[in-house]
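The primary structure of each chain is shown beneath.
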Amino acid sequence: MSIQTNLQTIRERMNAACRRVNRNPEDVQLVAVSKTKPADMIEAAAAAGQSLFGENYVQEFLTKTEDVTVPVVWHFIGSLQSNKVKYLCGKVAMIHSVDRLSLAKEIDRQWGKSGETAQILIQVNLGQEESKSGTEEAALEDLVRKVAALPHIRICGLMALPPYLDDPEQVRPFFRRLRQLADMLAALNIPGVEMRELSMGMSHDFDVAIEEGATLVRVGSAIFGSRY
Ligand SMILES: *Cc1c(COP(=O)(O)O)cnc(C)c1O
């Protein structure tokens, strides 16, 4: 399958999911996850109308931004060490994976140097999985309040990477939970917190995520093929 055909199929599935729950397709953005994939595949996707890409690894991302010659928008979606934040500054439109105050403080410091405001999502560990990053639900409100108080950060919403389960229906409760947490936080009216974005859903479960309110779906292998 070509990248162009894959993108077309995914957009049709996204539209169909929106129709099922009466959502406006314009409220859901496709983040094409291009980790491990070469610049020419990104350019092929861009030629097919895809403008938003997600990357996971700082070093790989830096190389790619030099190689990709067409204008695209980048989101950083991978786990992030504080000492690498400085390389992302000015290059990414959003960071999806903020899960601790120390990381947020460094983003605030780096973006603040140029007087910019970083748009970020707070990553939540819904499955309470040891191996996954993300803040625990119990610590979420406290983290959101502290991060929101930083002057050069805007919290735009939440992100989650639920457990991989073969049947997407089994992931639905996790997506629903993230939506509930976002609604709960929105109701607190914390200055600097918007809760307009829900980053959830990947290649095998993005349809269900959209039905549950996703505004950013992060799709890699269904566009670019398997990574292994
Ligand atoms: C790799 C990755 C994805 C995309 O996964 P696919 O199953 O290839 O669609 C989405 N989100 C994150 C955080 C990832 O690391």
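Quick notes on the rules
- Residues numbered from 1 in each chain as written.
- Predicted model: local features only at pLDDT ≥ 70, side-chain atom pairs only at ≥ 80, totals over all residues.
- Heavy atoms only, no water.
- UniProt positions renumbered as here; feature names shortened; annotations may be inferred.
- 1 Å grid on protein atoms, 1.4 Å probe; cavity = no way out; pocket = protein on both sides within 12 Å on 5 of 7 lines; lining within 4 Å.
- Points joined across faces, edges and corners; volume = space filled by probe spheres on them.
- Nonpolar A, V, L, I, M, F, W, Y, C, P; charged D, E, K, R; others polar.
- Helix = DSSP H or I, 4+ residues; strand = E, 2+ residues; numbered from the N terminus.
- Buried < 20%, exposed > 50% of the residue type's maximum accessible area, 1.4 Å probe, protein only.
- Contact = heavy atoms within 4.5 Å.
- Core = buried A, V, L, I, M, F, W, Y, C linked by side-chain atoms within 4.5 Å.
- Pairing = 2+ DSSP bridges.
- Right-handed = clockwise from strand over helix to strand, strands pointing away.

As annotated in an unreviewed UniProt entry, the protein chain carries the name Pyridoxal phosphate homeostasis protein and is attributed to Syntrophotalea carbinolica. Per its UniProt entry, the protein chain bears the Cofactor (unreviewed entry) comment "pyridoxal 5'-phosphate". What UniProt states about the protein chain under its Sequence similarities (unreviewed entry) heading is, verbatim, "Belongs to the pyridoxal phosphate-binding protein YggS/PROSC family."

Trainee: What is the right way to read the layout of surface pockets from this model?
Mentor: Any empty space left between atoms is shown by rolling a water-sized probe over those atoms. One number sums up the size of the largest pocket: a volume of about 640 Å³. Taken together, 28 residues form the lining of the largest pocket, with Lys35, Asn56, Leu161, Met202 and Arg227 sitting closest to its centre. Of the residues assigned to the lining of the largest pocket, the class counts are eleven nonpolar, twelve polar and five charged. Each pocket or cavity is described by its volume, and for the second largest pocket that value is around 290 Å³. Lining the second largest pocket we find 19 residues, and of these Val28, Gln29, Leu30, Gln50 and Leu52 sit closest to its centre.

Trainee: Any chance you could explain the UniProt feature "modified residue: N6-(pyridoxal phosphate)lysine" (unreviewed entry) in the protein chain here in plain terms?
Mentor: With numbering matched to this structure, UniProt assigns "modified residue: N6-(pyridoxal phosphate)lysine" (unreviewed entry) to Lys35. Structurally, Lys35 is set in the loop between strand E1 (29–33) and helix H2 (39–47). Given a relative accessible area of 15%, Lys35 falls into the buried group. In contact with Lys35, other than residues within four places in its own chain, are Gly54, Glu55, Asn56, Tyr57, Glu60, Lys64 and Arg227.

Trainee: Hey, could you run me through the environment of Arg176 in this one?
Mentor: Mapped onto the secondary structure, Arg176 falls in helix H7 (residues 172–187). Arg176 sits in the partly exposed class, given a relative accessible area of 43%. Sequence spacing of Arg176 and Ala209 is 33 residues, and the spatial spacing of their C-alpha atoms is 8.2 Å.

Trainee: I tried to follow the nonpolar core on my own but got confused; where do I start?
Mentor: One broad rule of soluble globular proteins: the nonpolar side chains tend to lie buried together. Formed by 66 residues in total, the largest nonpolar core has its most connected members in Ile95, Ile107, Ile120, Ile122, Ile155 and Leu158. At six residues, helix H1 (residues 3–20) tops the list of elements feeding residues into this core. Membership of the second largest hydrophobic core comes to seven residues, among which are Leu52, Leu121, Met159 and Leu216.

Trainee: What is the right way to look at the pairing of strand E5 (residues 118–124) in this model?
Mentor: In regular strands, side chains alternate between the two faces of the sheet. Burial of E5 is extensive: six of the seven residues sit out of reach of the surface. In this structure, strand E4 (residues 94–98) lies alongside E5, joined through two bridges in parallel fashion. Within the sheet, the bridge partner assigned to Val98 lies in E5 and is Ile122. Following the chain from E4 across helix H5 (residues 101–113) to the adjacent parallel E5, one finds a crossover that is right-handed. The pairing of E5 with strand E6 (residues 153–160) spans seven bridges and is classified as parallel. When the bridges of E6 are listed, Gln119 appears paired with Arg154.

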